[in-house]
Amino acid sequence: MSTSADVRPLTRPAPRTRLFRFDLAQLGPNWYAAVMGTAIIANGAAALPVRVPGLIGFGEAMWALGLAALLVLAGARLVHLTRHREAARAQLLDNPATAVFYGCPPMALLAVGLGTLLLGSRVIGTGPAVALDAVLWGVGTLYALTVAAGIPYLMITRHPVSALEANPTWLLPVVAPLVASACGPALVPHLPAGAPQQALLYGCWALFGVGLLATLVLLPVVFTGLFHSKLPVLTLTPALFLVLGPLGQSVTAIHQLADAARPVLPSLAPVMLPLAELYGIAVIGVAMLWLAVALTANLRARRAGMPFAMTWWAYTFPIGTCVTGAAALARHTGFGGFTALAAGLYLLLVVAWVLAAGGTAAGLVRGRLLAR
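Analysis parameters
Residues numbered from 1 in each chain as written. Predicted model: local features only at pLDDT ≥ 70, side-chain atom pairs only at ≥ 80, totals over all residues. Heavy atoms only, no water. Helix = DSSP H or I, 4+ residues; strand = E, 2+ residues; numbered from the N terminus. Rg over C-alpha atoms; globule rule 2.2 N^0.38 Å. Buried < 20%, exposed > 50% of the residue type's maximum accessible area, 1.4 Å probe, protein only. Contact = heavy atoms within 4.5 Å. Areas by Shrake-Rupley, 256 points an atom, 1.4 Å probe, with all protein chains shown as cover. Lys, Arg positive; Asp, Glu negative; His and termini not counted. Charge placed at Lys NZ, Arg CZ, Asp CG, Glu CD. Axes fitted to C-alpha atoms, helices over the stretch in contact; angles between N-to-C directions. Parallel < 35°, antiparallel > 145°, perpendicular 65-115°, else oblique. Left-handed = near helix turned anticlockwise from the far one by under 90°. Phe/Tyr/Trp six-rings, centres within 6.5 Å; stacked < 30°, edge-to-face > 60°. Expected span 1.5 Å × (residues − 1). Bend = angle between axes of the 7 residues up to and from the residue. Salt bridge = Lys/Arg side-chain N within 4 Å of Asp/Glu carboxyl O.

(A) The arrangement of the overall build of the protein in detail. From N to C terminus, the protein includes 12 helices and 0 strands. Along the chain direction, N to C, the helices and strands of the protein fall in the order α-α-α-α-α-α-α-α-α-α-α-α. Scaling as 2.2 N^0.38, a compact globule of 372 residues should have a C-alpha radius of gyration of about 21 Å, and the protein matches this with 22 Å. Once the C-alpha set of the protein is aligned to its principal axes, its extents read approximately 100 × 45 × 45 Å. Here the protein holds 372 residues, and 50% of them are scored as buried. A separation of at least 24 residues holds for 83% of the contacts in the protein among residues at least 6 apart in sequence. Element-wise, carbon and sulfur atoms account for 69% of the exposed surface of the protein, whose accessible area totals about 17,000 Å². A gap of 8 Å separates the mean positions of the 21 positive and 9 negative side-chain charges of the protein.

If you want it as structure tokens, here you go:
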């Protein structure tokens, strides 16, 4: 007869944490959000209307980190696309939840390219910086237009989607042309005067129109989905910040276009600057209202136990676009309130980046992300 001491519960040893073991079959385009979030820290440092000791040096370091992350991720994605073709095909053609994140790679290229011109020129020289930015902007813009047309086409013809289940990630493909329109004007002074500069500036205005009108079409769909179906999982709550992306980026873009128009399109310049200021003030107000909504929802989700996921990178780039938008308003209006707003948003951006980068590093080291 056995005694109670002989009866022991069947237990399994706790699984060991696997360090640095990656499965690149799971590497999706959403990982480019980490590059975007890092690059916007650098670009925000260059755009801020205040000068703090060490700020530009910090921006240069973040630009270098963003460029390095872009190169590493591009190499990893190349492996993914060649060795895991079926997984890559499914991410784009069969899974609308991952396909929308194809809006991230072009935005990463564009953001790193702009940082190269604004900050990297101090490190590698103006000539190489202009050349690298031109390449990244050209490739990123073509990629952005392809995605802005291609992903909606797949949604119409192939993807099993419903407008009643839309969420803010649907905005990612159409925001990319807005990013291109905001980054392109920095290259205008480096082109020959006359037709080349005018062509680039007109092209950037067209990109602004593509991104803005597509956003205006999609935003009602996104809100319909949010009101009807809510967010399907708690870890999607950070995606609410993505609504800030087209708002802040459009404010940044219209101010950059107005600045570039002064020497290139002198007949239109007097109209563009007042238009940029009025548009920017109205839209940045809407962005701040939505920021309050997104912050409240995410604090609620954190109290409910929301775990880390790569969606946390949605905190970074959208806030960064509001930083550059507020900074542009401060520069053009001279109003101290916009200067304070840009500085406060930049501090929030840095905190968001620390949270996202820390969670990503811990997840990779402990094997929770891209685990075999």
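Right, picking up where we left off after that structure.
(B) Representation of the packing of helix 6 (residues 126-157) against helix 7 (residues 172-183) in the model. The contact between helix 6 and helix 7 brings their axes to 7 Å, and the two run at 155 degrees. Classed by the angle they form, the pair helix 6 and helix 7 counts as roughly antiparallel. For the pair helix 6 and helix 7, the sense of crossing is left-handed. Where helix 6 abuts helix 7, its residues Trp137, Thr141, Ala144, Val147, Ala148 and Ile151 lie against Pro173, Ala176, Pro177, Ala180 and Cys183.

(C) View of the environment of Leu132. Its place among the elements puts Leu132 in helix 6. Overall, Leu132 belongs to the partly exposed group, its relative accessible area being 28%. Along the primary structure Leu132 and Thr116 are separated by 16 residues, whereas in three dimensions their C-alpha atoms are 7.3 Å apart.

(D) Fine view of the packing of aromatic side chains. What the rule picks out here adds up to 8 aromatic pairs. An aromatic cluster is built from Phe241, Phe308, Trp312 and Tyr315, whose rings are joined through pairwise contacts.

(E) The arrangement of helix 8 (residues 195-229) in detail. Taking 1.5 Å of rise per residue, 35 residues should cover 51 Å, and helix 8 covers 50 Å from first to last C-alpha, within 8% of that figure. The largest bend along helix 8 reaches roughly 30 degrees and is located at Leu218, with the proline Pro220 sitting one to four residues downstream. Looking one or two places after helix 8, you find Lys230, whose phi comes out positive at around 60 degrees.

(F) Expanded view of the side chain of Asp133. Mapped onto the elements of the fold, Asp133 is located in helix 6. Of the side chains with opposite charge, Arg331 lies nearest to the buried Asp133, which makes no salt bridge, at 15 Å.

(G) Structural context of the environment of Ala46. On the secondary structure map, Ala46 appears in helix 1 (residues 32-47). Contact partners of Ala46, with chain neighbours within four places excluded, come to Arg51, Ile56, Leu118 and Leu119.

(H) Structural context of the pattern of salt bridges. Tallied over the full model, the rule gives 5 salt bridges. In this structure, the salt-bridge partner of Arg89 is Asp94, at a minimum N-O distance of 3.6 Å. The partner of Arg262 in a salt bridge is Asp259, and the shortest N-O contact between them spans 3.8 Å. Separated by 3 residues within a single helix, Arg262 and Asp259 lie in helix 9 (residues 244-264), roughly one turn from each other. Judged by relative accessible area, which is 23%, Asp259 ranks as partly exposed. A single salt-bridge network, built from bridges that share partners, covers Arg89, Asp94 and Arg158.

(I) Spotlight on the packing of helix 5 (residues 104-124) against helix 6. Closest axis-to-axis distance for the helix 5/helix 6 pair is 8 Å, and the angle between their directions is 170 degrees. The orientation of helix 5 with respect to helix 6, classified from their angle, is roughly antiparallel.

Keep in mind that these numbers describe shape and distance, not what the molecule does.
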